[in-house]
Amino acid sequence: MADDHSDPRATGRIRSDIAHNARVWNYWLGGKDNYLVDREVGDRITGLYPSIGEVARADRAFLGRVVRHLTADLGVRQFLDIGTGLPTVDNTHEVAQRIAPESRIVYVDNDPIVLAHARALLTGSAEGATEYIDADAHDPDGILAAVEPTLDLGQPVAVIMLGILNFVLDTDDAGAIVRKLLAAVPSGSYLVLTHPTLELGGDGNAEAMRFWNENATPPITARGRADIESFVAGLELLEPGIVSCARWRPDPRRDDGAAEVAQFGAVARKP
């Protein structure tokens, strides 16, 4: 496992004896920041649910498309990326600052292996700002207290929550987190989310999730369209609405025909 960007603050918290989501996801994306236990669990999940690698790649491609659209077409210059995961190609700050170097990005994660690699995320443009917060998505008040002065909460912010609400097992709690975050940002801000579901096909998905919850951490849950609709209630959904993340405005040059994956994606504007 590579650790060129190791941070001593995290070394005491990293466990190599149990699979962890950030590292398994990194494995599915072809990365090297994972342990044997992550690869073993990742392979078992793939055996149960063969399209999981496609889900991971579609989720990552969705992030790039959304950030490009928000930055280039909608003029967003501030991003709060909660549940960052391990750095890979085209992280949020790289996509945004390539278009608008003055863009400001705050990453949030409480995974110790992500913290250990945080320096890789903190290399941004001189004109903008890139910061990392060691915080838990279950604590939106703590997140909001820490984002300033990097972000100006008086100006529009894109709140990005890709594959993170599925780790908040109670749906009411997940909705309350979203509402707390959106209440703190002004009109013209955006919510960007993806979430696994059992409603878009994928034989073995439910069994794979059961295996994950018995053998890895943190535990995960799937949700249906009605739950996602509740998260974006009161917001203005951008077209095409709540769809498989692979089919949210696919780019035919990049997205391989946009085959549907069992992962909802949505982008919504705060009016």
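So, how was this worked out
Residues numbered from 1 in each chain as written. Predicted model: local features only at pLDDT ≥ 70, side-chain atom pairs only at ≥ 80, totals over all residues. Heavy atoms only, no water. Helix = DSSP H or I, 4+ residues; strand = E, 2+ residues; numbered from the N terminus. Buried < 20%, exposed > 50% of the residue type's maximum accessible area, 1.4 Å probe, protein only. pLDDT = per-residue confidence, 0-100. Contact = heavy atoms within 4.5 Å. Salt bridge = Lys/Arg side-chain N within 4 Å of Asp/Glu carboxyl O. Core = buried A, V, L, I, M, F, W, Y, C linked by side-chain atoms within 4.5 Å. Axes fitted to C-alpha atoms, helices over the stretch in contact; angles between N-to-C directions. Left-handed = near helix turned anticlockwise from the far one by under 90°. Nonpolar A, V, L, I, M, F, W, Y, C, P; charged D, E, K, R; others polar. Pairing = 2+ DSSP bridges. Right-handed = clockwise from strand over helix to strand, strands pointing away. Expected span 1.5 Å × (residues − 1). Arc of directions from axis to C-beta. Polar contact = N/O pair within 3.5 Å; in protein donor to acceptor, adjacent residues only side chain to side chain. Phe/Tyr/Trp six-rings, centres within 6.5 Å; stacked < 30°, edge-to-face > 60°.

Colleague: Explanation requested: the side chain of Asn 26 in the structure shown.
Modeller: Here Asn 26 is to be found in helix 1 (residues 21–28). Among the residues examined, Asn 26 registers a relative accessible area of 7% and is labelled buried.

Colleague: Explain the confidence of the model for the chain here, please?
Modeller: Fine structural detail should not be taken from predicted coordinates in areas where pLDDT scores are low. When pLDDT is averaged across the chain, the result is 89; 90% of the residues are at 70 or more. Contacts of residues 1–12 to residues separated by more than four positions or lying in other chains number 24 contacts, the stretch itself having pLDDT below 50.

Colleague: In this structure, what is going on with the pattern of salt bridges? I would like to understand it.
Modeller: Should the charged atoms of two oppositely charged side chains come close, the side chains can pair. By the definition in use, this model includes 6 salt bridges. Residue Arg 77 is joined to Glu 102 by a salt bridge in which the shortest nitrogen-to-oxygen separation is 3.0 Å. Within this pair, whereas Arg 77 is found in the loop between helix 3 (52–73) and strand 2 (78–82), its partner Glu 102 is found in the loop between helix 4 (92–99) and strand 3 (104–109), the two being separated by 25 residues in sequence.

Colleague: Help me out: how do you make sense of the nonpolar core in this one?
Modeller: The tendency in soluble globular proteins is for nonpolar side chains to be buried side by side. Counting 84 residues, the largest nonpolar core has Phe 79, Leu 80, Met 161 and Leu 191 as the members making the most contacts within it. Of the residues forming this core, the biggest block, 9 residues, is contributed by helix 3. For Leu 191, the contacting residues outside a window of four places in its chain are Val 159, Met 161, Val 178, Leu 182, Phe 231, Val 232, Leu 235, Ala 266, Val 267 and Ala 268.

Colleague: I'm lost on the packing of helix 3 against helix 4 in this one. Help?
Modeller: Axes are the key here: two packed helices are described by the angle between their axes and the distance separating the axes. The contact between helix 3 and helix 4 brings their axes to 9 Å, and the two run at 30 degrees. As helix 3 runs across helix 4, the sense of the crossing is right-handed. Contact residues: Leu 63, Gly 64, Val 67, Arg 68, Thr 71 and Ala 72 in helix 3; Thr 92, Val 95, Ala 96 and Ile 99 in helix 4. Here the contact of helix 3 with helix 4 is composed, by residue class, of 6 nonpolar, 3 polar and 1 charged.

Colleague: Looking at this model, I keep getting lost on the pairing of strand 5 (residues 158–162). Mind explaining?
Modeller: Residues in a regular strand project their side chains so that they alternate between the two faces of the sheet. Across the 5 residues that make up strand 5, a large majority, 5, are buried. Every second residue of strand 5 is oriented toward a common face, with Ala 158, Ile 160 and Leu 162 on one face and Val 159 and Met 161 on the other, all of them buried. Bridge count for strand 5 against strand 6 (residues 190–196) is 5 bridges, and the pairing is parallel. By the bridge assignment for strand 6, Ala 158 is matched with Tyr 190. Running through helix 8 (residues 171–183), the crossover from strand 5 to the neighbouring parallel element strand 6 is right-handed.

Colleague: How should I be thinking about helix 8 in this particular structure?
Modeller: For an α-helix, 3.6 residues make a turn, and residues three or four places apart therefore share a direction. Spanning 13 residues, helix 8 covers 18 Å between terminal C-alpha atoms, matching the ideal 18 Å at 1.5 Å per step. Restricting attention to buried positions, one finds in helix 8 the residues Ala 174, Gly 175, Ile 177, Val 178, Leu 181 and Leu 182. Buried residues of helix 8 fall within an arc of 155 degrees about the axis and therefore sit on the same side. Among the exposed residues of helix 8, those pointing more than 90 degrees away from its buried face are Asp 172, Arg 179 and Ala 183. Buried residues in helix 8 make contact with strand 2, helix 7 (140–147), strand 5, strand 6 and helix 10 (225–231). If you check the start of helix 8, you find a side-chain oxygen 3.0 Å away from the backbone N of Asp 172, and it comes from Asp 170.

Colleague: Would you explain the packing of aromatic side chains in this entry?
Modeller: The geometry of an aromatic ring pair is captured by two quantities: the separation of the ring centres and the angle between the planes. Going through the model one piece at a time under the given rule, you end up with 2 aromatic pairs. Both rings, one in Phe 62 and one in Trp 248, keep their centres 5.8 Å apart while their planes meet at 80 degrees; by these two values the pair is edge-to-face. Pair noted here: Phe 62 is in helix 3 and Trp 248 is in the loop between strand 9 (243–244) and strand 10 (263–269), with a separation of 186 residues, a long-range link. Its relative accessible area of 0% is what places Phe 62 among the buried residues.

Colleague: I would appreciate a short explanation of the environment of Ser 16 in the present structure.
Modeller: The residue Ser 16 is located in the segment before strand 1 (19–20) in this model. You can call Ser 16 partly exposed: its relative accessible area is 45%. Spatially, the C-alpha atoms of Ser 16 and Asn 34 are 8.7 Å apart, while their sequence positions differ by 18 residues. Discounting residues that sit within four places of it in the chain, Ser 16 has contacts with Arg 23, Tyr 35 and Val 37.

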